[in-house]
Structure formats: C-alpha cells, structure tokens
Amino acid sequence: MVEWAPMDTPIGRRRQTCAVLAWSLIQPFCFVLSISLLFFPPFWIFTPLFCVYLGWFIVVDRKTPSQGGRKMQWFRRLFWWRMFRDYFPIRLVKTADLDPSKNYVFGYHPHGIIGIGAVCNFGTEATKFEDKFPGIDLHLLTLKTNFNFPIFREYLMALGICDVSKESCNHILQSGPGSSICIVIGGAAEALDAHPGTFDLTLKNRKGFVKVALQNGASLVPVFSFGENEVFEQAANPRGSKLRNWQTKLQKVLGFSMPLVRGRGVFQYNYGLMPFRRPITSVVGTPIDCPKVAKPTQEQIDLYHEKYCKTLTHIYDKHKNVLAMQRKKSMKIM
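Residues numbered from 1 in each chain as written. Predicted model: local features only at pLDDT ≥ 70, side-chain atom pairs only at ≥ 80, totals over all residues. Heavy atoms only, no water.

**Regarding unusual backbone geometry**
So, step 1. Omega for the peptide link from F88 to P89 comes to -5 degrees, which places this bond in the cis form.
So, step 2. Structurally, the position occupied by P89 is in the loop between helix 4 (79–87) and strand 1 (90–94).
So, step 3. Cis geometry is found at the peptide bond from H109 to P110, where omega equals -15 degrees.
So, step 4. Along the chain, P110 falls in the loop between strand 2 (104–109) and helix 5 (116–122).
So, step 5. At K128, a residue that is not glycine, the phi angle is positive and equals roughly 60 degrees.
So, step 6. On the basis of relative accessible area, K128 is assigned to the partly exposed category, the value being 47%.
So, step 7. The backbone phi angle of I151 is positive, close to 70 degrees, even though this residue is not glycine.
So, step 8. On the secondary structure map, I151 appears in the loop between strand 3 (137–142) and helix 7 (152–158). (Helix = DSSP H or I, 4+ residues; strand = E, 2+ residues; numbered from the N terminus. Buried < 20%, exposed > 50% of the residue type's maximum accessible area, 1.4 Å probe, protein only.)

Pasting the structure below:
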C-alpha cells in the first residue's frame with residue numbers, strides 16, 4: 001500500500017525535498033537543455049552562443065577538470081545545500097586536526113549508490129568543512145566521463161569536483177600546502193554491493209590511491225560514512241547471480257555501474273528514485289603520514305595500504321554500535 005506524504009507536511013521539509021529533487025535532476029536537465037539548444041527551434045535563438053561555448057569547452061577548456069577545476073566557494077555555500085543536508089540529515093564528524101601545511105588524500109567509504117555523503121560533506125560547505133579543517137583546499141574527484149556533458153561539467157567544477165585521473169591527482173596535490181583530494185575508493189564496483197545494513201568495501205586490491213599519496217608525500221585520511229548504504233534499496237544481486245554478471249559486464253563497457261534501485265517519490269514514500277530520509281554520518285579519521293617516494297616499491301605500497309585498512313576498521317569498530325545499530329553484518333574488505 002502506498003504511503004502518501006501528509007498535506008500538512010511542514011514547509012521546511014518540503015523545501016528540503018525540493019532541494020534533493022533539484023540535485024537529483026541536475027544532470028538529466030543539463031543533458032535535455034543541451035539537446036534542446038541544438039535541435040529544437042524555440043531554443044535556436046540561443047544556439048549560436050551555445051555553439052561558441054561548445055567550441056571553447058572542447059578546444060580550450062578540455063583539460064580544466066584535470067587541472068584543479070574552477071571551485072567557487074560562494075556556490076558551495078549556497079543556502080539550498082543546507083536544505084539538502086537537513087533532508088537526510090548529513091553530519092561530518094572530525095576526530096583529529098589536519099595540518100594545513102601538508103597535503104592529504106582522503107579515502108571515502110562506502111560508495112553507496114551515488115555517494116551522497118561525499119557530495120554534501122566534501123563538495124559543498126553545508127557541513128562546514130572549511131571551518132572544521134581550515135586551510136585544507138579539498139577537491140572531490142569523480143569519473144572523467146562526467147565532464148563530457150556540457151553545462152553539467154560547469155556545475156561539477158563550481159563545487160570543486162575534478163576528474164579522478166592520475167594527472168588530476170598529481171596536479172592538485174602539487175598545487176601548494178593544504179591542497180588535497182577525496183577519492184571514493186570503491187567506485188562503480190562497490191555501488192553494486194550497496195545494500196542497507198551491509199558494509200562490503202571494494203578495497204583489498206585498490207592500492208593506486210596509496211601509490212599517489214607516497215609519490216606526493218601526502219598523508220592518507222580514511223573516511224567512513226555510516227548510513228551511505230541506507231538511503232536506497234537495491235534489488236538482490238549476489239555475486240555469481242545472472243543479474244550481477246550482467247551488471248558487471250555492463251560496468252566494464254560503460255565505465256560506471258547500473259544498480260537496480262528503489263527510493264521514494266516526491267509525494268509518497270514507497271516508490272521512486274529519490275533517496276530515503278535516512279541519516280548519514282561521515283567520520284573523518286586520523287591522518288596516516290606517508291614519506292615522499294618518487295618510485296614506491298610494492299612493499300611500501302602494501303605497508304601503507306595495510307595501515308590505512310587498520311585505521312578505517314578502527315573507525316568502524318569505534319562507532320558501529322551507535323551509528324550502525326541496524327547492521328545485518330560487519331564491515332568486510334573485499
């Protein structure tokens with residue numbers, strides 16, 4: 001039976017829903033707008049200007065997402081991000097100070113379906129990252145293909161989001177004191193394991209981020225986000241099932257995964273593609289200092305990867321009885 005939103009829902013909650021709805025629709029909106037500007041006569045008055053933009057984007061600005069992007073703090077501070085935060089709500093928990101004279105590689109876990117906590121905590125100032133960690137200029141990283149979409153790429157870069165290529169990581173980490181990156185380590189593969197009550201992390205063989213940290217002398221900072229896997233329901237897709245095999249093959253072709261998810265709607269709570277109102281708490285762990293090694297050996301990479309996994313496990317164990325009370329099983333590094 002469908003559970004409808006009551007007519008007397010407070011206006012504040014309606015605003016929060018609108019903020020999350022707008023965020024959910026921004027990428028398809030940018031895509032439809034781009035197609036409309038090129039092929040639909042009512043929009044042709046703007047087509048010459050849009051074509052100039054496309055030419056500039058393709059010829060001149062193509063590499064900007066891998067060269068630090070165009071972070072706009074005023075955009076990250078907009079009030080509507082606070083409404084986005086309060087919808088769930090989302091919290092950022094600091095456990096240690098970060099020296100602004102150093103560089104950092106933040107690792108975010110788990111990926112969840114979309115990485116909502118990563119966007120809110122590290123792509124906006126809704127949870128006051130700049131106040132909690134003064135002097136740290138953090139860039140959240142995402143797939144390079146996301147920057148192939150006109151207009152949408154400008155939105156991403158305004159949030160300080162850059163592409164996750166090696167070139168991009170090195171450029172940011174070498175941009176000066178405090179310049180740091182945040183990588184959602186599990187990526188598309190981990191999204192297929194994002195089921196409520198579970199914490200299956202694709203991390204065991206993900207060591208590239210450790211190598212980048214060593215090459216740049218950057219400290220590793222593990223982040224565990226409790227609740228990230230709770231905001232969507234996903235169809236059962238155990239490893240080895242036909243559905244999972246199909247999803248894995250599709251991921252290899254497309255570069256991103258396609259989990260079959262169920263969320264809520266705008267006016268009802270049972271069906272839709274909007275995330276559920278469930279809390280997300282991201283705990284930022286203690287930094288792990290790494291020496292600067294131009295050509296790190298596999299032994300060095302394995303050593304710091306092991307230290308990282310132990311610190312991440314410590315965060316989970318310390319907070320699980322408060323922030324993961326509904327868990328069905330413990331965290332597993334896969």
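**Points about the packing of aromatic side chains**
So, step 1. In total, this model carries 25 aromatic pairs according to the counting rule given.
So, step 2. Here the aromatic rings of W74 and F75 are separated by 5.7 Å at their centres, their planes lie at 75 degrees, and the arrangement is edge-to-face.
So, step 3. By relative accessible area, which is 16% here, F75 ends up buried.
So, step 4. Every member of this aromatic cluster is reached through a ring pair, and the members are W23, W74, F75, W80, W81, F84, Y87, F88, F152 and Y155.
So, step 5. Its end group placed over the ring of F133, K94 keeps NZ or CZ at 5.5 Å from the ring centre.
So, step 6. Stacked on the ring of F276, the Lys or Arg R278 has its end atom at 4.3 Å from the ring centre. (Phe/Tyr/Trp six-rings, centres within 6.5 Å; stacked < 30°, edge-to-face > 60°. Lys NZ or Arg CZ within 6 Å of the ring centre and 35° of its normal.)

**Quick word on the sheet that holds strand 5 (residues 179–184)**
So, step 1. Read from one edge of the open sheet, 7 strands run 1-10-7-2-5-3-4, paired in mixed fashion. For this open sheet the edge positions go to strand 1 and strand 4 (162–163), each flanked by a neighbour on one side alone.
So, step 2. Two elements, strand 3 and strand 4, share 2 bridges in a ladder whose sense is parallel. When the bridges of strand 4 are listed, L141 appears paired with C162.
So, step 3. Contacting strand 2, strand 5 and strand 7 (219–226), helix 10 (residues 208–216) crosses the sheet at an angle of about 145 degrees to strand 7.
So, step 4. This element, helix 12 (residues 298–323), spans strand 1, strand 2, strand 7 and strand 10 (280–284) of the sheet and lies at about 30 degrees to strand 7. (Pairing = 2+ DSSP bridges. Contact = heavy atoms within 4.5 Å. Axes fitted to C-alpha atoms, helices over the stretch in contact; angles between N-to-C directions.)

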